[in-house]
Amino acid sequence: MSSTHPSGVLPIDADATSADWLRSLAVELHEAGRDGEWRPMLVGVVPPFAGRPHQLDLQTLTGADPVEQLLGLVAPDVWCAVGLLTGGRARLLDEPASGSPGEFVHLVDRHGVSVSTWHGVDGATIEIGGGPRPVEGRAADACRRMLRLPTAPPPGDTSSFVVDVWLGRVVEVARAGTHLTWDDVVALHPAAVRSCTPAEAARRTTALGSRLSWSDIRLGFVEGEIESFAGIDSCIAEWMDDGMLARWMLGSVPPWSSLLEIIDARLPPAVSDLVIATVGMCPPVPWPAP
């Protein structure tokens with residue numbers, strides 16, 4: 001599963017900055033991936049030793065989601081940087097979902113400096129990073145945790161998570177064919193145990209989100225108080241930090257618009273309208289859905 005770079009030598013200037021040598025490394029990886037297959041690979045970088053140059057340890061990743069296969073991994077001490085190479089599509093948020101095909105490389109070193117590059121088949125290139133500030137994203141988070149580096153901080157509160165839990169419960173019960181009244185729907189809310197107006201339900205959502213921290217949620221996974229969710233169990237939660245856990249959880253559930261469509265189709269109009277009104281008064285998800 002492992003291999004060294006075909007040339008055996010990385011063209012890295014000993015005086016280059018971390019960002020510079022990561023860019024050079026990304027170029028080498030893109031060159032190696034020009035066969036067009038873009039097999040997902042975990043990249044480990046071994047520094048020079050006893051006169052030997054830098055070496056690449058490339059490990060093929062199998063399965064539908066290469067990032068998920070990185071969960072729980074810890075980089076060997078000999079690796080000075082880690083990364084992910086895979087095929088993908090790049091697009092602007094307001095463009096069609098298909099996007100342009102190409103190859104994505106993300107690298108981060110033990111100082112926390114990271115570089116992400118994307119080379120499209122049409123010759124377009126995109127670069128993100130080049131500094132020590134953590135980049136938000138699934139691949140970036142996983143690579144940083146492999147090196148035991150902190151990821152970007154989580155949102156300031158957990159209101160979005162509270163809404164996710166509530167809508168998920170309502171959809172689950174509604175799909176079972178259970179007739180639900182507004183009082184029944186409110187009783188499923190993590191912070192509302194009795195009937196209330198949509199405005200009050202939204203206020204309780206915000207209040208609970210301000211009290212409940214992402215550290216509390218991660219500890220709940222670690223101690224087994226929260227069941228496994230989206231690949232997160234007690235061991236993975238302990239491996240993650242708060243920021244990664246927050247982004248992983250919020251990115252693993254359907255958008256609110258999709259859940260509300262199901263609720264609107266399954267519940268009486270008078271009830272679904274109250275649910276939609278409540279969500280409309282809650283704080284929005286802090287970043288665009290992936």
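### Regarding the nonpolar core
For soluble globular proteins, nonpolar side chains are generally found buried alongside one another. In this structure, Val82, Trp214, Ile232, Met240, Leu245 and Met249 are the most contacted members of the largest nonpolar core, which totals 31 residues. Counting residues per element, the ones that place at least two in this core are strand S3 (81-90), helix H2 (138-146), helix H6 (214-222), helix H7 (234-239) and helix H8 (242-251). It is H8 that contributes the most residues to this core, 6 residues altogether. Each residue touching Ile232, except ones within four places of it in the same chain, is listed here: Phe221, Ala237, Met240, Leu245, Trp248 and Met249.

### Section: the environment of Gly137
Note on placement: Gly137 falls in the loop between strand S6 (125-131) and H2. For the pair Gly137 and Arg247, spaced 110 residues apart in sequence, the C-alpha separation works out to 7.7 Å.

### Looking at the packing of helix H3 (residues 159-175) against helix H9 (residues 256-266)
Across the interface, H3 lies against H9 with an axial gap of 10 Å and an inter-helix angle of 30°. Remark: the crossing between H3 and H9 carries left-handed chirality. Along its contact with H3, which presents Ser160, Val163, Asp164, Leu167, Val170, Val171, Ala174 and Arg175, the element H9 presents Trp256, Leu259, Leu260, Ile262, Ile263 and Arg266. Per-class residue counts for the contact of H3 with H9 are 10 nonpolar, 1 polar and 3 charged.

### Regarding H6
For H6, every residue scored as buried is listed here: Trp214, Ile217, Gly220 and Phe221. Looking down the long axis of H6, one finds its buried residues gathered within 115° of arc, a one-sided arrangement. Contacts made by the buried residues of H6 are with H3, H7 and H8.

### Focus: the pattern of salt bridges
The full count for this structure, using the stated rule, is 6 salt bridges. Here Glu200 makes a salt bridge to Arg204, at a shortest N to O gap of 3.0 Å. Note that Glu200 and Arg204 are positioned in helix H5 (residues 198-211) at a spacing of 4 residues, about one turn of the helix. Relative accessible area serves as the criterion here: at 22%, Glu200 is assigned to the partly exposed category. Overlapping salt bridges, with partners in common, bring together Glu200, Arg203 and Arg204 in one network.

### Regarding the confidence of the model for the chain
For the chain, per-residue confidence averages 84 on the pLDDT scale, and residues scoring 70 or more make up 84% of the total. Mean pLDDT values for the elements of the chain range from 72 in S6 up to 97 in H7.

### Considering the packing of H5 against helix H10 (residues 269-280)
Following both chains from N to C, one finds H5 and H10 inclined at 40°, their axes separated by 8 Å at the closest point. Classified by the angle between their axes, H5 and H10 sit oblique to one another. Seen from above, H5 lies across H10 with right-handed handedness. Residues Pro198, Ala201 and Ala202 of H5 lie in contact with H10, whose contacting residues are Leu274, Ala277 and Thr278. Considering only residue class, the contact of H5 with H10 consists of 5 nonpolar, 1 polar and no charged.

### Comments concerning the side chain of Ser116
You can see Ser116 is positioned in strand S5 (residues 114-120). For Ser116, the side chain forms a polar contact with the side chain of His106, separated by 2.6 Å. Those residues in contact with Ser116, other than ones at most four positions away along the chain, are Phe104, Val105, His106, Ile126, Glu127 and Ile128.

### Quick look at the layout of surface pockets
Here the second largest pocket is characterised by a volume of approximately 690 Å³. Phe161, Asp164, Val165, Arg169 and Phe229 are, among the 22 residues lining the second largest pocket, the residues nearest its centre. Secondary-structure elements contributing two or more residues to the lining of the second largest pocket are H3 and H9. At 9 residues, the largest contribution of residues to the lining of the second largest pocket is made by H3. Residue classes in the lining of the second largest pocket are distributed as 15 nonpolar, 2 polar and 5 charged.

### Describing the environment of Ser213
Relative to the helices and strands, Ser213 is located in the loop between H5 and H6. Look at Ser213 and you get partly exposed, because its relative accessible area is 29%. Sequence separation between Ser213 and Asp242 is 29 residues; the distance between their C-alpha atoms is 9.0 Å.

Thresholds applied
Counting restarts for each chain: residues are numbered from 1 in the order of the written sequence. Predicted model: local features are reported for residues with pLDDT of at least 70 only, side-chain atom pairs are reported and counted for 80 or more only, and whole-chain, interface and lining totals are derived from all residues. To obtain the side-chain values, all non-hydrogen atoms of the structure were used and water was disregarded. To qualify as a nonpolar core, a set must consist of buried Ala, Val, Leu, Ile, Met, Phe, Trp, Tyr and Cys residues joined through side-chain atoms within 4.5 Å. Under the scheme applied here, a residue whose accessible area is under 20% of the maximum for its type counts as buried, over 50% as exposed, and between as partly exposed, the area being computed with a 1.4 Å probe on protein chains only. Comment: elements are numbered from the N terminus, with helices defined as DSSP H or I runs of at least four residues and strands as E runs of at least two. Whether two residues touch is decided by their heavy atoms; if any such pair falls within 4.5 Å, the residues are in contact. To define axes, lines are fitted to C-alpha atoms, for helices over the stretch in contact only, and angles between the resulting N-to-C directions are given on a 0 to 180 degree scale. The crossing is said to be left-handed when, going from far helix to near helix, the turn is anticlockwise and less than a right angle, and right-handed when the turn is clockwise. Any residue outside Ala, Val, Leu, Ile, Met, Phe, Trp, Tyr, Cys, Pro, Asp, Glu, Lys and Arg is labelled polar, Gly included; the first ten of those are nonpolar and the last four are charged. As used here, the arc is the angular range of directions from the helix axis to the C-beta atoms. Salt-bridge detection follows one rule: a side-chain nitrogen of Lys or Arg within 4 Å of a carboxyl oxygen of Asp or Glu. The predictor rates its confidence in each residue with pLDDT, a number between 0 and 100. In these notes the angle categories are as follows: under 35 degrees is roughly parallel, over 145 is roughly antiparallel, 65 to 115 is roughly perpendicular, and the rest is oblique. Here a polar contact is recorded for every N or O atom pair within 3.5 Å, except that within protein the pair must consist of a potential hydrogen donor and a potential acceptor, and residues adjacent in sequence are included only if both atoms are side-chain atoms. Here a cavity denotes grid points, spaced 1 Å and computed from the protein atoms alone, that fit a 1.4 Å probe unable to get out, and a pocket denotes an open set having protein on both sides within 12 Å along at least 5 of 7 lines; residues with an atom within 4 Å of a point are the lining. Grid points are joined across faces, edges and corners, and a volume is the space filled by probe spheres set on the points.

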